[in-house]
Amino acid sequence: MADEAGATGLVRFIFTLPVSYTLAAKSASAVISPQTVELDGRRVELTAYNIGGANFFGLRELSPLFGYDVSFDEAANTARIESR
């Protein structure tokens, strides 16, 4: 994690995370989940997936709602999450 002071005095955060996943049941598959998301009392349209009994949301779809940008470094197999 790194931070940078901006011209406005706000701190910008950058996270880099190695991407990996483990499924307990290797036969688990992703199915569209009927779960809904509300943010500040309004419904947000996101695609939810149920994998092995747990709900997942795409990071690139979810992060803009919280003011973050996501990129992926394929060579390093790393996701970068950066505040705007």
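Here, every reference points to the structure presented above.
Residues numbered from 1 in each chain as written. Predicted model: local features only at pLDDT ≥ 70, side-chain atom pairs only at ≥ 80, totals over all residues. Heavy atoms only, no water.

**Q** What's the story with the pairing of strand β7 (residues 54-57) in this structure? I'm lost.
**A** On a regular strand, one side chain projects to one face of the sheet and the next to the other, so that they alternate. Looking at chain direction, strand β6 (residues 48-51) and β7 are connected through 4 bridges and run antiparallel. Paired with Y49 across the bridge in β7 is F56. A loop of 2 residues connects β6 with β7, the two strands running antiparallel in sequence, and G52 in this loop sits at a positive phi of about 60°. (Pairing = 2+ DSSP bridges. Helix = DSSP H or I, 4+ residues; strand = E, 2+ residues; numbered from the N terminus.)

**Q** I'm lost on the pattern of salt bridges in this one. Help?
**A** In a structure, side chains of opposite charge can pair up when their charged atoms sit close to one another. One pass over the structure, following the stated rule, counts 3 salt bridges. The closest approach of N and O atoms between R43 and E45, which form a salt bridge, is 3.7 Å. Here R43 falls in the exposed class, since its relative accessible area comes to 54%. Of the charged contacts, one joins D69 and R84 as a salt bridge, the two residues approaching to 3.1 Å between their closest N and O atoms. Here R84 lies in the segment after β9 (78-83) and D69 lies in strand β8 (residues 68-73), a separation of 15 residues in the sequence. Taking relative accessible area as the criterion, D69 reaches 39% and is therefore assigned partly exposed. Since its relative accessible area comes to 58%, R84 is described here as exposed. (Salt bridge = Lys/Arg side-chain N within 4 Å of Asp/Glu carboxyl O. Buried < 20%, exposed > 50% of the residue type's maximum accessible area, 1.4 Å probe, protein only.)

**Q** Teacher, can you tell me more about the sheet that holds β6 here?
**A** Strand pairing in a sheet takes place through backbone hydrogen bonds and is either antiparallel or parallel in direction. Spatially, 3 strands are ordered β3-β6-β7 in an open sheet, and the strand pairing comes out antiparallel. Two strands lie at the open edges of the sheet, namely β3 (30-33) and β7, each paired on one side alone. Sheet twist, expressed as the average angle between the axes of neighbouring strands with direction ignored, equals 40°. (Axes fitted to C-alpha atoms, helices over the stretch in contact; angles between N-to-C directions.)

**Q** Mind showing me how you'd approach the environment of V37 here?
**A** Looking at where V37 falls in the secondary structure, it is placed in strand β4 (residues 37-39). Filtering out sequence-adjacent residues up to four positions away, V37 remains in contact with R42, R43, V44, L46 and F57. (Contact = heavy atoms within 4.5 Å.)

**Q** Whenever I open this one, unusual backbone geometry confuses me. Can you help?
**A** Most peptide bonds are trans, and most residues other than glycine sit at a negative phi. Backbone geometry at D40 places phi at a positive 55°, although glycine is not the residue there. Inspection of the secondary structure puts D40 in the loop between β4 and β5 (42-44). One non-glycine residue, N77, lies in positive phi territory at about 50°. Locating N77 in the fold gives a position in the loop between β8 and β9. Here N77 falls in the partly exposed class, since its relative accessible area comes to 36%.

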